[in-house]
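Read off the chains here:
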Amino acid sequence: MQFLRFSLLGLFLFLSYTFSLGQQALLKKADKLIQAERYAQAIVPLETLLQQDSTTTVASKLTRVYQKINQPQKAIPLYQYLLRQKKINPKHRFQYAEMLMQIGQYDKAVDQLQDYSQEHPDDEKAQQLLIALDKIGAISPLYPNVSCIPFSHNTTADDNSPFFFDQHLFFSSDRTKGLNPLKQKAGWTDRDFTRVYAATKIEKDSFHLPKVMGNKINQLNLNTANAVFWRDTQTQIIYLYFARNSSKSDSQDEFNMQLYMSTSSDDGKQWSKSTLLSFCNNEYNYIHPAISSSGDSLYFVSDKGKGYGGMDIYFATKKTKETWNKPINLGANINTNQHEGFPYLNEKGELFFCSKGHVGYGGFDLFKTTIDNGDWSIPTNLGYPFNSPSDDLSICFDEIGKNGAFTSSRTDGNDDIFLFSLTPTFGETTPNKIENAPSITSNDNINRVDFCYETLALQLDENTISSNQYYSLVELQFEEDKYEIAEKHIPSLDELARLLYAYPNLQIELQSHTITEGSEADLATISRYRVEAIVAYLLKKEIAEIQVQTKALTKEYPIHPCSTECPCTTEEQAKNQRIEMRIVNF
């Protein structure tokens, strides 16, 4: 019996030793995966260890992994377990408060941060979170009239970084795309590497099935994301800027994200070989490009050099066609000791971005800022529905500036794209009336200039609209006897719609003029059909009908008078046939 007792004891010790070796192997495997930032793959060994033998070491590592892959609901029970132990790591209390904020449990987050701050009164990040929690109730929607729906082609993967261009919605996604024996998985998420996709617009919120962009942009086993476009209106060349893993590693053997450019001269049918932007450096990450409307300034996010902490927003101005000047940090009004990201510039030069360092709801929030006396103003939180306790990231607007898209992880922890529409409210303020604005009775005392959004917007802002000013929509040129809206008319009409949306009190009169040859009845009909087609297009863009008046004229007010004795040339008749606009109220 004694021999049997010793034999059983030996077997137990052997099994315990073997079990311990297995645990050590799993823990070592998990540590290697975490060090390599393969967080999703580290979950299985850590969860296995936690089921076998709950320890604070394993629980602590698993909370970090859940936090990295944005799974607060799974991290919170583990933090509660860690905070019940006799010996508590203070950082767990701080991280627990961050997770509570991400699920909207603000009161509990305050309690945890107050306890943490008693032990660490000099922790700046904790004080920032307490200030944010105190101010959450005062955040009001920056855009009070917003309708918002999920993008119909979202997946259970991450879908983010939307950008509108030429009736397409471009975005990034790590959704599974086909079988390829050479394809690997991204370590951080254990999903496919991100690619850039394009979905063609059908109507307002409806898009065709997204298609992945070609291998000049997306490359196998490299993350490609954040595509933005700019068209040179003089050459019609399209410039595409995007982020992609470098093919060269840094000193830590990491393949950091870099910024690239590709061009197309055939409306995006073919793209040139991508080139690295001149200021990039393999030792740092460069992501989230945003191009100004002029194409001369590029905004982006980087952890380069001496920033304010985390990822900062920078901008660089164009030096030559292929090179850029040294990037400049946007400064302390924008960048904080935490992460900022996803800059976006609208046509007015307003800057949108996301941040964890400004007062917000918990995760990343979306903000807007404008240039104020040469510097960026203190950012304004966009409020609901753009922001939530979860991460709310990139935002963009369509060509008109009325509709747009943004990214949020509010549904299931994965990034999803949401489409939104800003609803204008006409008559909130008393519009300015143009006194004695002439409805053409002659060509005398009429000042004609070409319609330009930026110039007219400045005149409206500065209240310098002249009563005798007429704006020629020179790109809105109809062929003789034609009245249908053609593809070539759309950019000009979209600019007009963008102006009417940006200034909801603005009222205009559109005037159609014809050539001087032909019967009056036929000319009157074609003139009426043209202005009706224009109004129909604007109404389809949801411009308020009250904003647009029309006048169908014919040959009574030609720019070039014609007669039998002095007939007009073809070029002169083309100028007589025109669409003009005047301001009625603003």
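Everything discussed here concerns the structure shown above.
Every residue gets a number counted from 1 within its own chain, in the order that chain's sequence is written. Selection of residues for local features in this predicted model requires a pLDDT of at least 70, selection of side-chain atom pairs for listing and counting requires 80 or more, and totals for whole chains, interfaces and linings are taken over all residues. Neither water nor hydrogens contribute to the side-chain values; these are computed over all heavy atoms in the structure.

Chemist: Would you mind going over empty space enclosed by the protein in detail, with residue names and values included?
Modeler: Within this scheme a cavity is a closed region of a 1 Å grid, computed over the protein atoms alone, that accommodates a 1.4 Å probe without allowing it to escape, whereas a pocket is open but has protein on both sides within 12 Å along at least five of seven lines; lining residues each have an atom within 4 Å of a point. Grid points are joined across faces, edges and corners, and a volume is the space filled by probe spheres set on the points. Here the structure, examined in full by the defined rule, presents 5 cavities of 30 Å³ or more. Counted as a void, the largest cavity has a volume near 90 Å³. Together, 15 residues line the largest cavity, and Leu129, Ala132, Lys356, His358 and Gly360 are the ones closest to its centre.

Chemist: Pulling in residues and values, what's your account of unusual backbone geometry?
Modeler: A cis amide bond links Tyr384 to the next residue, Pro385, at an omega of 5°. In this structure, Pro385 sits in the loop between strand 20 (380–381) and strand 21 (392–397). The residue Asp166 is not glycine, and still its phi comes out positive at about 50°. The rule is simple: take the accessible area with a 1.4 Å probe, protein chains only, and divide by the maximum for that residue type; under 20% is buried, over 50% is exposed, in between is partly exposed. Taking relative accessible area as the criterion, Asp166 reaches 31% and is therefore assigned partly exposed. Residues other than glycine seldom take positive phi values, yet Gln167 does so here, at roughly 60°. Helical segments are the DSSP runs of H or I of at least four residues, strand segments are the runs of E of at least two, and each set is numbered from the N terminus. Tracing the chain through its elements places Gln167 in the loop between strand 2 (159–165) and strand 3 (168–173). Relative accessible area serves as the criterion here: at 35%, Gln167 is assigned to the partly exposed category.

Chemist: Can you break down the nonpolar core residue by residue, with the values?
Modeler: In terms of nonpolar packing, the biggest core is built from 103 residues, with Phe279, Leu510 and Met581 touching the most fellow members. By nonpolar core we mean a set of buried residues, namely Ala, Val, Leu, Ile, Met, Phe, Trp, Tyr and Cys, connected to one another through side-chain atoms within 4.5 Å. Among the nonpolar cores identified, the runner-up in size contains 38 residues, and Leu33, Tyr39, Tyr79 and Leu83 belong to it.

Chemist: Tell me about the side chain of Ser421, and please be specific about residues and values.
Modeler: Tracing the backbone through its elements, the reader meets Ser421 in strand 23 (residues 416–422). Polar contacts, as used here, are pairs of N or O atoms within 3.5 Å; protein pairs need one atom able to donate a hydrogen and one able to accept it. Residues neighboring in sequence count only if both atoms are side-chain atoms. A polar contact is formed between the side chain of Ser421 and the side chain of Asn403, at a distance of 2.9 Å. The residues contacting Ser421, other than those within four sequence positions of it, are Asn145, Val146, Ser147, Lys204, Lys402, Asn403 and Glu542. Working rule for contacts: check all heavy atoms of both residues, and any pair within 4.5 Å makes them a contact.

Chemist: If you had to explain the sheet that holds strand 22 (residues 403–408) to someone new, which residues and values would you point to?
Modeler: Strand pairing is defined by DSSP finding a minimum of two bridges between the two strands. Reading across the sheet, the 4 strands line up as 1-23-22-21 and stay open at both edges, with antiparallel pairing between neighbours. Only two strands of the sheet have a single partner each, and these edge strands are strand 1 (146–150) and strand 21. Looking at each pair of strands side by side, their axes are set apart by 25° on average, direction ignored. Two strands pair when backbone bridges link them, and strand 1 and strand 23 are joined in this way by 5 bridges, in the antiparallel orientation. Residue pairing in the sheet places Val146 in a bridge with Leu422 of strand 23. Only C-alpha atoms enter the line fits that serve as axes; for helices the fit covers just the stretch in contact. Angles between N-to-C directions range over 0 to 180 degrees.

Chemist: Provide a residue-level description of the sheet that holds strand 8 (residues 238–245), including the pertinent values.
Modeler: Within the open sheet, the 4 strands sit side by side as 7-8-9-10. Their pairing is antiparallel. At either end of the open sheet lies a strand with only one pairing partner, and these are strand 7 (224–231) and strand 10 (275–276). Relative to strand 10, strand 9 (residues 257–264) runs antiparallel, the two being bridged by 2 bridges. Of the residues in strand 10, the one forming a bridge with Tyr260 is Leu276.

Chemist: Account for the packing of aromatic side chains, naming residues and giving values.
Modeler: What counts as a ring pair is set by centres within 6.5 Å for rings of Phe, Tyr and Trp (its six-membered ring), and what kind of pair is set by the plane angle: stacked under 30 degrees, edge-to-face over 60, tilted for all other angles. Tallied over the entire structure, the rule returns 30 aromatic pairs. Between Phe300 and Tyr314, the aromatic rings sit 5.8 Å apart at their centres with planes inclined by 15°, giving stacked as the arrangement. In this pair, Phe300 is assigned in strand 12 (residues 297–302) and Tyr314 in strand 13 (residues 312–317), connecting sequence segments 14 residues apart. Accessibility expressed as a relative area gives 0% for Phe300, which makes it buried. Ring plane angle 25° and centroid distance 5.9 Å describe the contact between Phe353 and Phe367, whose orientation is recorded as stacked. Residue Phe353 is found in strand 16 (residues 351–355), and its partner Phe367 is found in strand 17 (residues 365–369); the two are separated by 14 residues along the sequence. With a relative accessible area of 2%, Phe367 lands in the buried category. Here, a charge over a ring means that NZ of Lys or CZ of Arg falls within 6 Å of the ring centre while also lying within 35 degrees of the ring normal. Here the guanidinium or amino end of Arg175 rests over the ring plane of Tyr197, the centre of that ring lying 5.2 Å away.

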